[in-house]
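# Overview (structure and organization)
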Amino acid sequence: MSMLTPPGMGGKYRVTGAAYPRMSRPRRRRKIVFAVFGSVLALALLGYGALQLIDVFQGDGGKRNQAAAGKDCPTAPASVKPAKAVTHAAPNSDPEAEVEPNAGPAASASPAGLPQPGQITVNVYNATPRAGLAKAVGDELRARGFHVDKVGNAPADFDKKVTGPGILLGSPKTDKAAYSVLGTQLDGVTLQTDTREGGDIDLILGDTFKELKPKADADKALAVLANPLPAPAKKC
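Cut-offs and rules
- Residues numbered from 1 in each chain as written.
- Predicted model: local features only at pLDDT ≥ 70, side-chain atom pairs only at ≥ 80, totals over all residues.
- Heavy atoms only, no water.
- Salt bridge = Lys/Arg side-chain N within 4 Å of Asp/Glu carboxyl O.
- Buried < 20%, exposed > 50% of the residue type's maximum accessible area, 1.4 Å probe, protein only.
- Helix = DSSP H or I, 4+ residues; strand = E, 2+ residues; numbered from the N terminus.
- Arc of directions from axis to C-beta.
- Pairing = 2+ DSSP bridges.
- Axes fitted to C-alpha atoms, helices over the stretch in contact; angles between N-to-C directions.
- Contact = heavy atoms within 4.5 Å.

## Let's talk about the pattern of salt bridges
- Counting across every chain of the model gives 10 salt bridges.
- Across the pair arginine 144 and glutamate 140 runs a salt bridge, and its minimum N-O distance is 2.9 Å.
- Arginine 144 gets classed as buried once you look at its relative accessible area, which sits at 14%.
- The class for glutamate 140 is partly exposed, based on a relative accessible area of 32%.
- Arginine 196 is paired through a salt bridge with aspartate 202; the nearest N and O atoms lie 2.5 Å apart. Assigned by exposure class, arginine 196 and aspartate 202 land together as buried.
- Residues joined in a network through salt bridges with shared partners are Asp194, Arg196, Asp200 and Asp202.

Put into structure tokens, the structure is as follows:
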């Protein structure tokens with residue numbers, strides 16, 4: 001009877017001999033080893049990928065920036081904007097049609113050849129229902145040094161038909177610098193031309209006109225017009 005057979009029972013299966021069956025090593029340790037190895041490999045791949053991304057977004061860009069910094073910035077030729085053509089306004093044309101943008105300080109003019117206010121002859125006309133507006137504005141312009149000639153109600157073509165702040169009306173031969181200097185005194189005016197031969201300019205006051213710019217602001221605008229600030233240098 002084998003020692004594996006319980007006492008008093010005749011075992012059907014008996015183990016004989018001096019050899020015993022070997023117990024297989026549990027496979028759990030092998031799974032842990034594989035899991036650790038896989039984790040280490042995944043971390044290594046992630047780290048390598050991160051380094052490649054850093055090279056793409058920083059390394060190559062830094063090299064390009066260094067190469068660009070070593071070169072002199074190309075100097076582009078100064079662009080010259082073509083002057084906008086001034087359309088002649090017919091005597092019976094619609095006075096509300098905008099022929100030229102605001103003739104204020106932004107209008108193109110040669111800073112070196114700006115006329116003095118006393119060299120500009122202005123006719124002030126009132127196209128609104130407000131009584132005495134032309135005289136008040138004419139007196140203020142005269143006090144600011146402009147040569148004010150005619151003052152009164154606007155011609156029939158413009159009377160009660162100017163919805164904006166005003167119109168500067170003159171000859172196409174008049175120096176645009178004169179329009180620009182006069183335009184520093186108020187905002188929102190448009191420029192139109194007619195068939196006159198003289199160099200005088202009509203200031204036709206419209207419905208939305210309130211008052212001239214404060215003299216200090218007009219003087220600053222005139223100073224900027226005479227001495228424009230240089231354009232900022234481009235950074236390479």
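## As for helix α2 (residues 133-143)
- Those residues of α2 not exposed but buried are Leu133, Ala134, Val137, Gly138 and Leu141. Angular distribution of buried residues about the axis of α2 spans 120°; they occupy a single face of the element. α2 presents Lys135 and Ala143 as exposed residues on the side facing more than 90 degrees away from its buried surface.
- The first or second residue beyond α2 is glycine 145, which carries a positive phi of 105°.

## Side note on the sheet that holds strand β4 (residues 190-193)
- In space, the five strands of this open sheet follow the order β2-β1-β5-β3-β4, with mixed pairing throughout. Of all the strands in the sheet, the pair left with one neighbour each is β2 (147-153) and β4. For this sheet, the mean inter-axis angle between neighbouring strands, taken without regard to orientation, is 25°.
- Where strand β3 (residues 166-170) and β4 come together, four bridges link them in parallel fashion. Residue pairing for β4: leucine 169 is matched across the bridge by glutamine 192.
- Strand contacts of α2: β1 (121-126), β2 and β5 (201-205), with the helix running at about 155° to β1, the strand carrying the most contacts.
- Packed onto the sheet, helix α3 (residues 176-183) meets β1, β3, β4 and β5 and runs at close to 155° relative to β3.

## Side note on the pairing of β5
- Burial runs high along β5: five of the five residues are buried.
- On β5, burial covers both faces: Ile201, Leu203 and Leu205 on one face and Asp202 and Ile204 on the other are all buried.
- Of the strand pairs in this sheet, β1 and β5 are connected by five bridges, and their pairing is parallel. When the bridges of β5 are listed, valine 124 appears paired with leucine 203.
- Bridging between β3 and β5 involves four bridges; their strand directions are antiparallel.

So yeah, pure geometry; function would need other evidence.
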